[in-house]
Amino acid sequence: MKILVAVKRVIDYNVRVRVRADGSGVETANVKFSMNPFDEIALEEAVRLKESGAATEVIAVSIGPVQAQETLRSALAMGADRAILIQTDEAVEPLAVAKLLAAVARRESVELAILGKQAIDDDANQTGQMLAALLDWPQGTFASKLSIENGHAIVTREIDGGLETIRLALPALITTDLRLNTPRYASLPNIMKAKKKPLEVLTQAELGVDITPRLVTLKVEEPPKRKAGVKVADAAQLFDKLKHEAKVI
Amino acid sequence: MAVLVLAEHDNSVLAAATRNTVTAAAQLATGPVHVLVAGQAASAVAAEAARLSGVEKILLADDAAYAYGLAEPLAALLISLAENYDAILAPATTFGKNVLPRAAALLDVAQISDVTAILSPDTFVRPIYAGNALATVQSTDKRKVITVRTTAFAPAADGGAAIIESLSAAIPVPRSQFVGREVTRSERPDLTAARVVVSGGRGLGSKENFLLMEKLADTLGAAIGASRAAVDAGYAPNDAQVGQTGKIVAPDLYIAVGISGAIQHLAGMKDSKVIVAINKDEEAPIFQLADYSLVGDLFVELPKLCALLSGAQG
Ligand SMILES: Cc1cc2nc3c(=O)[nH]c(=O)nc-3n(C[C@H](O)[C@H](O)[C@H](O)COP(=O)(O)OP(=O)(O)OC[C@H]3O[C@@H](n4cnc5c(N)ncnc54)[C@H](O)[C@@H]3O)c2cc1C
Ligand SMILES: Nc1ncnc2c1ncn2[C@@H]1O[C@H](COP(=O)(O)O)[C@@H](O)[C@H]1O
C-alpha cells in the first residue's frame, strides 16, 4: 500500500502574524516558515504504518513555491521515501490543491491519503474532504486513532460531542487531529540521508489541472482590538466587579 | 437567491448551531430559505426546524444511510438538490466541516469556511491565521457553499410555520460504515451556546485539581472548556478544547484559569463579551485580552471565588 501525505509550508505557529499596512495580506518577509503542524502528524502516522508493515511507500507532496522543497526535505528526514513538489508562486486554494493531489494520487495509485485537518494559515479545513470527493473515496476526518485491518481503515474521529469510530473501505482519505500521535524529530543522520532521497518537481500544467482562483481577496485587515482591562487585587474584588460593574453574574 | 441550510441534529433534536446558520441564510437570501433534515426517524427534528422563523420549507430525507451524519451519503444528497439553490450553508462545526467541503468539491465550488459576516451576496468576511487577520473575499462561483461561524450570528427564533416535504432520493451504497460513538455526557450547558464558560489550562496541574473547575462551573451554571495543554494532559475531554483548532465560543462571561493565552487559544474565545483571567504569571499573554486580570495563585483564588459565588446564590 502506497500512502500519499500532503505537507504545506506555512508561517510557523509561533510567529506573531502581522497584517500588511496596505491590506493586501499578511507580512511574509523575514518570517519563519515550517511544515503545517497537522501535516507533521499526518506524516508521522504514515511513517508508523510503513514501519509496522502496513504500508510499502510514503510519498510526501507539497504545492507551493520553490522554498517548499525545504518542507519536503523535512518530510523526507522524518521518514517519507520520496517527495513531489508541484511548484507555483500563485496562492492555490483548497479546491485546486485537492485537484492537484487527486492527479498525483491517481498517477501513483496510492491507496491511502493522509492530510492535516486544517492548514494554520488559511484555516480552511477543506482540502482532505475535497480530495476524497474528487477521488470518490470514503473519508475519515479529524482522526485521533487509525488502524488498517483487512483492507479497511478503522478511524476514531474527534467530533464536537466526543469521539466517533467509523470503518472505511480502502482506498480512503484521512485527516489528522492533534491527538493522533506526537511527531518525531528528524535525527541528524536522517537529515543527511534525506538529501539523497528523490524529490520530483512538477507543474500544474503537467498534471493538467486548472488552478485559477475562485475567490478574490478584496482586503485583509486586523481584527478590532479589545479595550484595555483592569487588574483586580483578589477574588473578592473580582466578584464585586463581575456583579456590579460588568453585571454578568 | 434561494438558500439551503444543512441541519445538524441527532435524529431527535435540532443542534443549536443550525439556528445560527439559519440567521446567516436569511441575511444572504433574497428568495426562500429551505432547511434539509437528513436522518433516520428524524421527523421530530423536521417539526422543530419547521418552527424556525424565516424558513419556508423543510426537506426531510429519512433513510438509514443518513442515520449517523456520514459525509458520503449527505454530500451526495446535497448535490442532488443543489441546482435549486444559489447557496448552501452549514454550521462550521465538526459536522458541517466534515460534510460541506465534500459537496463543494463535487459541485466544483470553492467553499468559504467559517464566515463571520455577509457583506453582499458574493462577498464575505472570514478569519485567517487563528483570527490574527480578517479576510474579505469575493466568490466568483455561481453557487456559494459556505460554513458559518455560529458565534457571529444570533440564533434564529421560533415563530415560523414551514411546510415539510419528504424526499425520496436514491443514495449510493457508502463505503464508510458507522461503528460507534462515545458521547461525552454532561448535565452542563453546551459549550458553544453557554452564557458562561469557565476554562482550565495546564496550570490546574492534574485531573484531580481540574475538579476545581467543576466547582466553579457549578456555582455559575457554566460550561467547561479547556486549553489544548489541559486536554492533551487528560484533565478534560477532547471536545472541551477551545481554540483555533477546537471550539469557538463567545459567551457573555469567559473565565480562563491557569491558561497562558497562546494565540491558538485566544482564537477560540476572544469574542467573548467579558473575559476574566486568573494566572500567577503577570506577563501571561491572556492578560492583554482580559477585562479583569487577577494575578495570583489559582489554588488560593479559585476556592475564594467559588465561596463568594455560592454565597451570592444561596
Ligand atoms: C497546530 C496547533 C493547534 C493548536 N490549537 C490549540 C487550540 O485549539 N486551543 C488551545 O488552547 N491551544 C492550542 N494549541 C496549543 C497552544 O499553542 C498552547 O500550547 C496551549 O494553549 C497552552 O495551554 P495552557 O495555556 O493551558 O498551558 P501553558 O501555556 O503551559 O500555560 C499554563 C499557565 O498556567 C499558569 N499557572 C501555573 N500554575 C498556576 C497557578 N498555581 N495559579 C495560577 N496560574 C498558574 C502559568 O503561569 C501559565 O501561564 C495549538 C497548538 C498548535 C501547534
Ligand atoms: N499547498 C498545499 N500543499 C500541500 N498540502 C496542502 C496544501 N494546502 C493544503 N494542504 C493539505 O490540506 C490540509 C488542509 O488544508 P486546508 O484545507 O487549507 O485547511 C493541510 O493540512 C495539508 O495536508
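Keep in mind the model is a prediction, meaning the values are calculated, not measured. Along each chain, residues carry numbers from 1 onward, in the same order as the chain's sequence is written. Chains carry letters from A onward and ligands carry numbers from 1 onward, assigned in written order. The model is predicted, so local features are restricted to residues of pLDDT at least 70 and side-chain atom pairs to those at 80 or more, both for listing and for counting; the totals for chains, interfaces and linings are taken over all residues. As a convention, hydrogens and water are excluded, and side-chain values are obtained from all of the structure's heavy atoms.

This next bit is on the site of ligand 1. Near ligand 1 lie 28 residues; those nearest to it are B:R202, B:S227, B:V242, B:S260 and B:N279. Whether a residue is near a molecule or strand depends on its heavy atoms: if one lies within 4 Å, it is near. Chains contributing residues to the immediate surroundings of ligand 1 are chains A and B. Pairs of N or O atoms are called polar contacts if they sit within 3.5 Å, as long as, within protein, a hydrogen donor faces a hydrogen acceptor (for residues adjacent in sequence, only side-chain-to-side-chain pairs). Take B:G246: an N or O atom from its main chain is 3.4 Å from an oxygen atom of ligand 1. A distance of 2.7 Å separates an oxygen atom of ligand 1 from a polar atom in the side chain of B:N279. With the chains in place, 86% of the 990 Å² that ligand 1 exposes on its own is no longer accessible. Helix and strand assignments come from DSSP, with helices taken as H or I runs of at least 4 residues and strands as E runs of at least 2, each series counted from the N terminus. Those elements that place two or more of their residues in the shell around ligand 1 are α1 (37-51) of chain A together with α6 (228-232), α7 (263-266) and α8 (298-313) of chain B. Working definition of accessibility: Shrake-Rupley area with a 1.4 Å probe, residue cover restricted to the visible protein chains.

Let us now look at the pattern of salt bridges. For this document, the term salt bridge refers to a Lys or Arg side-chain nitrogen within 4 Å of an Asp or Glu carboxyl oxygen. In total, this model carries 35 salt bridges over all chains according to the counting rule given. When the shortest N-O distance is used, the salt bridge between A:E44 and A:R184 registers 2.9 Å. In this pair, A:E44 is assigned in helix α1 and A:R184 in the loop between β10 (172-176) and α5 (188-194), connecting sequence segments 140 residues apart. Here B:K304 and B:E301 are joined by a salt bridge, their closest N and O atoms 3.9 Å apart. One end of the pair is B:K304 and the other is B:E301, both in helix α8 and three residues apart, which spans about a single turn. For B:E301, a relative accessible area of 8% translates into the label buried. Via salt bridges that share partners, A:K2, A:E57, A:R82, A:R107, A:E108 and A:E200 belong to a single interconnected network. Accessibility here uses a 1.4 Å probe with only protein chains present; expressed as a share of the type maximum, an area under 20% marks a residue as buried, one over 50% as exposed, and anything in between as partly exposed.

Moving on, we get to the site of ligand 2. Residues and elements named next belong to chain A. Around ligand 2, the surrounding shell holds 19 residues, and the nearest of these are D39, I63, A119, N125 and T127. Interatomic distance of 3.4 Å between a backbone N/O atom of A124 and an oxygen atom of ligand 2. Breaking the shell around ligand 2 down by element, the ones donating at least two residues are β4 (57-64), α3 (94-108) and β6 (112-116). For the shell around ligand 2, the leading source of residues is β4, giving three residues.

The next point concerns unusual backbone geometry. Residue and element names in this part refer to chain A. Note that the residue after L170, namely P171, is joined by a cis bond; omega there is 0°. Residue D123 is not a glycine yet carries a positive backbone phi of 50°. Following the sequence through the fold, D123 ends up in the loop between β6 and α4 (127-135). Look at N150: it is not a glycine, yet its phi comes out positive at around 45°. Turning to its location among the elements, N150 is positioned in the loop between β7 (139-149) and β8 (152-159).

Before going further, it helps to examine the pairing of strand β3 (residues 57-62) of chain B. Residue and element names in this part refer to chain B. Along β3, five of the six residues are buried, which leaves the element largely enclosed by surrounding structure. A strand pair is defined by DSSP finding two or more bridges across the two strands. The pairing of strand β2 (residues 33-39) with β3 spans six bridges and is classified as parallel. The residue bridging V35 from the neighbouring strand is I58, located in β3. The handedness of the β2 to β3 crossover, carried by helix α2 (residues 43-50), is right-handed. Inspection of the sheet shows β3 paired to strand β10 (residues 163-167) by five bridges, in the parallel sense. Along β10, the bridge assignment pairs L60 with S166. Crossovers are described as right-handed under a simple rule: with the strands pointing away from the observer, the path leading from the first strand over the helix to the second runs clockwise.

With that out of the way, let us pick up helix α5 (residues 211-220) of chain B. Residue and element names in this part refer to chain B. For α5, the full list of buried residues reads L212, M213, L216, A217, T219 and L220. The arc enclosing the buried residues of α5, seen along the axis, measures out at 160°, which places them on a common side. In this structure, α5 carries L211, K215 and D218 as exposed residues pointing more than 90 degrees from its buried face. At the exit of α5 stands G221, carrying a positive phi of roughly 60°. Here the arc refers to the set of directions running from the helix axis out to each C-beta atom.

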